[in-house]
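One letter stands for each residue in the lines below.
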Amino acid sequence: MIRLTTAGESHGKGLFAIIEGLPRGLKIDLDKINGELYRRQCGYGRGARQKIERDEVEILSGVRNLLTLGSPVTLAVWNRDYENWKDFMAPEGCDTEGRRVENVRPGHADLAGMIKFGAADARDILERASARETAVRVAAGGIFRQLLLSLGIEVTGFVRSVGTSRDENTYTFEEIQKGRSKDLCMLDSKAEERAKREIDVCKEDGDTLGGAIELRVRGLKSGFGSPMTYREKMDARIASALMSVQAVKGVEVGGGFSLSALKGSEAHDEISFENGKFTRASNRAGGIEGGASNGEELVFCVAMKPIPTLMRGLNTVNYTTKEKTKASAERSDVCAVPACEAVCESALLCEIAKIVSERLGGDTLTEWKKRYGELPL
Ligand code: EPS
């Protein structure tokens, strides 16, 4: 069974992941993983940190001569910025006063984390809560993508909206794969231009912007996830995985919230049998019925809130003095929705890899492929 654990602080030595349960014999393409890391760093509206970092993965265990051994795989993404922060972050001993944060940011983990852990310095909370953690999740996602691709399962996605600039078009899987832009990971150039102007205005105002992301999975056969226990329901598991991504506040499956306003006759996907396969003319279920995949594409929509670190600072209080003040801000992304798209793909890849591993079992990739090949569509 696949399991992923991550560790590391935003300005510590690096970010680390341990992946257990990968089958032996998966060929690892490092350039592809680094390509995913690069994509996470790009996007119109990113902040100064991304100019410092050049994220690259280093594999520390579990792979020999680019092939997985079946043992735990350890990944590292080193923080270049650690050089500038080691005096304040070194595990071996450092100055804990110089970068103290007490003006807690509304919307960030600062206050809840300080109360929970009894910490008087938000630095001890925010270093781990930071979305920098997602760098190593994306590296792990690169491995899950290669694993799932060997079974013919693919994941893609795009940015549907940034702020109020929304793309209302529908796209095929191929159109998304080929058409998304580098700047905002959008497909509609007019919506993207409007989004960029919104970002420019927010930057001027010291403000931030969120957005919505659509994700798709193709090639997953029916019967993954299960209607038999609530824990195994695939939609519940994927929603949980996507909600674990920093700043995600909502997840829809297929038609999602819009289904609540439809009649049953309008909301469901009628079934037919053609060319030896059960099919449907529509996919409002988003490829999941009764908590199990039904062989159609999986479709999810994710809502990302605006990043809570605002350069202009929201009203807050100092944790120690309780006096009114402005929230702390050293630097911030104005908009990280395209980065969030890359991260959400990784979270989705990870959860699907887990679900697939639970059904297929198998110690080697050869066994995985054989078992997947024998399943009905
Ligand atoms: C991020 C790194 C962080 C932030 C951002 C995402 O770096 P720094 O704190 O040094 O600027 O830019 O993190 C947050 C949005 C957050 O809330 O902490 C990254 O690599 O994605």
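About the cut-offs
- Residues numbered from 1 in each chain as written.
- Predicted model: local features only at pLDDT ≥ 70, side-chain atom pairs only at ≥ 80, totals over all residues.
- Heavy atoms only, no water.
- Core = buried A, V, L, I, M, F, W, Y, C linked by side-chain atoms within 4.5 Å.
- Buried < 20%, exposed > 50% of the residue type's maximum accessible area, 1.4 Å probe, protein only.
- Helix = DSSP H or I, 4+ residues; strand = E, 2+ residues; numbered from the N terminus.
- Contact = heavy atoms within 4.5 Å.
- Pairing = 2+ DSSP bridges.
- Axes fitted to C-alpha atoms, helices over the stretch in contact; angles between N-to-C directions.
- Phe/Tyr/Trp six-rings, centres within 6.5 Å; stacked < 30°, edge-to-face > 60°.
- Lys NZ or Arg CZ within 6 Å of the ring centre and 35° of its normal.
- Salt bridge = Lys/Arg side-chain N within 4 Å of Asp/Glu carboxyl O.
- Near = heavy atom within 4 Å.
- Polar contact = N/O pair within 3.5 Å; in protein donor to acceptor, adjacent residues only side chain to side chain.
- Nonpolar A, V, L, I, M, F, W, Y, C, P; charged D, E, K, R; others polar.
- Patch = residues over 30% accessible without salt bridge, like charges linked within 9 Å, V, L, I, M, F, W, Y side chains within 5 Å.
- Areas by Shrake-Rupley, 256 points an atom, 1.4 Å probe, with all protein chains shown as cover.

Asks: Honestly, the nonpolar core in this entry has me stumped. Any pointers?
Replies: Soluble globular proteins tend to bury their nonpolar side chains together. Within the largest apolar cluster, 74 residues are counted, with the highest numbers of intra-cluster contacts made by Leu75, Leu220, Leu242 and Val356. When residues in this core are grouped by element, the largest group, 14 residues, is from helix α11 (residues 337-360). If sequence neighbours within four positions are ignored, leucine 220 has contacts with Ile153, Met234, Ser293, Gly295, Leu298, Ile352, Val356 and Tyr372.

Asks: I keep staring at the pairing of strand β2 (residues 14-20) and nothing clicks. Help me out?
Replies: Regular strands place their side chains on alternate faces of the sheet. As defined by bridge partners, strand β1 (residues 3-7) adjoins β2 across five bridges and the pair is classed as antiparallel. Bridging from a neighbouring strand, leucine 4 pairs with isoleucine 19 of β2. The antiparallel hairpin formed by β1 and β2 contains six residues in its connecting segment, where glycine 8 sits at a positive phi of about 120°. Sheet analysis places β2 next to strand β6 (residues 73-78), joined by six bridges and oriented antiparallel. The residue of β6 that forms the bridge with isoleucine 18 is threonine 74.

Asks: Help me understand the sheet that holds β6, please; the structure alone is not making it clear to me.
Replies: Strands pair in a sheet through their backbones, by hydrogen bonds, and they do so in one of two ways: parallel or antiparallel. One open sheet holds the four strands; their spatial order is β1-β2-β6-β3, and the pairing between them is antiparallel. For this open sheet the edge positions go to β1 and β3 (57-61), each flanked by a neighbour on one side alone. Direction aside, neighbouring strands of the sheet carry axes that sit 20° apart on average. Sheet strands in contact with helix α6 (residues 134-149) are β1, β2, β3 and β6, and its direction is about 135° off that of β6.

Asks: Explain the sheet that holds strand β7 (residues 154-162) to me, please; I cannot follow it from the model alone.
Replies: With antiparallel pairing, five strands are arranged side by side in an open sheet as β8-β7-β9-β15-β10. Edge positions in the open sheet fall to β8 (165-166) and β10 (248-253), since each of these has one partner strand only. Note: β7 against strand β9 (residues 211-218), eight bridges, orientation antiparallel. Each bridged residue has a counterpart across the sheet, and for threonine 156 the counterpart in β9 is arginine 216. Contacting β7, β9, β10 and β15 (298-304), α11 runs over the sheet at an angle of about 150° to β7.

Asks: When you look at the packing of aromatic side chains in this model, what are you seeing that I'm missing?
Replies: Given two aromatic rings, their pairing is described by the distance between the two centres and the angle made by the two planes. One pass over the structure, following the stated rule, counts five aromatic pairs. Taking 6.5 Å as the distance between ring centres and 75° as the angle between the ring planes, the aromatic pair formed by tryptophan 85 and phenylalanine 88 counts as edge-to-face. One end of the pair, tryptophan 85, and the other, phenylalanine 88, are both in helix α3 (residues 82-89), three residues apart, so they sit about a helical turn from each other. Owing to a relative accessible area of 4%, tryptophan 85 belongs among the buried residues under this scheme. On the basis of an interplanar angle of 85° and a centroid distance of 5.4 Å, the ring pair of phenylalanine 158 and tyrosine 171 is categorised as edge-to-face. Placement of the pair is phenylalanine 158 in strand β7 and tyrosine 171 in the loop between β8 and α7 (173-179), with a sequence separation of 13 residues. Phenylalanine 158 gets classed as buried once you look at its relative accessible area, which sits at 0%. According to the relative accessible area criterion, tyrosine 171 is buried, its value standing at 15%. Its end group placed over the ring of phenylalanine 117, lysine 116 keeps NZ or CZ at 5.3 Å from the ring centre.

Asks: Is there a simple way to explain the pattern of salt bridges in this structure?
Replies: Oppositely charged side chains may form a pair once their charged atoms are brought near each other. Under the counting rule described, the total for this entry stands at 40 salt bridges. In this structure, arginine 49 engages aspartate 81 in a salt bridge whose closest nitrogen and oxygen atoms are separated by 3.5 Å. Separated by 32 residues along the polypeptide, arginine 49 in helix α2 (residues 49-52) and aspartate 81 in the loop between β6 and α3 bring together distant segments of the chain. The burial state of arginine 49 is the same as that of aspartate 81; both residues are buried.

Asks: Explain the site of the ligand to me, please; I cannot follow it from the model alone.
Replies: As a matter of local geometry, the ligand sits amid His11, Arg40, Arg46, Arg49, Gln50, His108, Ser130, Ala131, Arg132, Ile307, Arg331 and Asp333. Side-chain polar atom of arginine 49 to an oxygen atom of the ligand: 2.8 Å apart, as the coordinates give it. In this structure, an oxygen atom belonging to the ligand sits 2.8 Å away from a side-chain N or O atom of histidine 108. A class-by-class count of the residues in the shell around the ligand yields two nonpolar, four polar and six charged.

Asks: What should I look at first to understand unusual backbone geometry in this one?
Replies: Of all residues except glycine, most have a negative phi; of all peptide bonds, most are trans. Its identity as a non-glycine residue notwithstanding, cysteine 185 has a phi of 60°, on the positive side. One can find cysteine 185 in the loop between α7 and α8 (189-205). Of the residues examined, cysteine 185 reaches a relative accessible area of 3% and is grouped as buried.

Asks: What exactly am I supposed to notice about a nonpolar patch on the surface here?
Replies: Judged by side-chain polarity, Ile271, Phe273 and Phe278 come together as a nonpolar surface patch covering roughly 370 Å² of accessible area. Within the secondary structure, phenylalanine 278 sits in strand β12 (residues 277-280).

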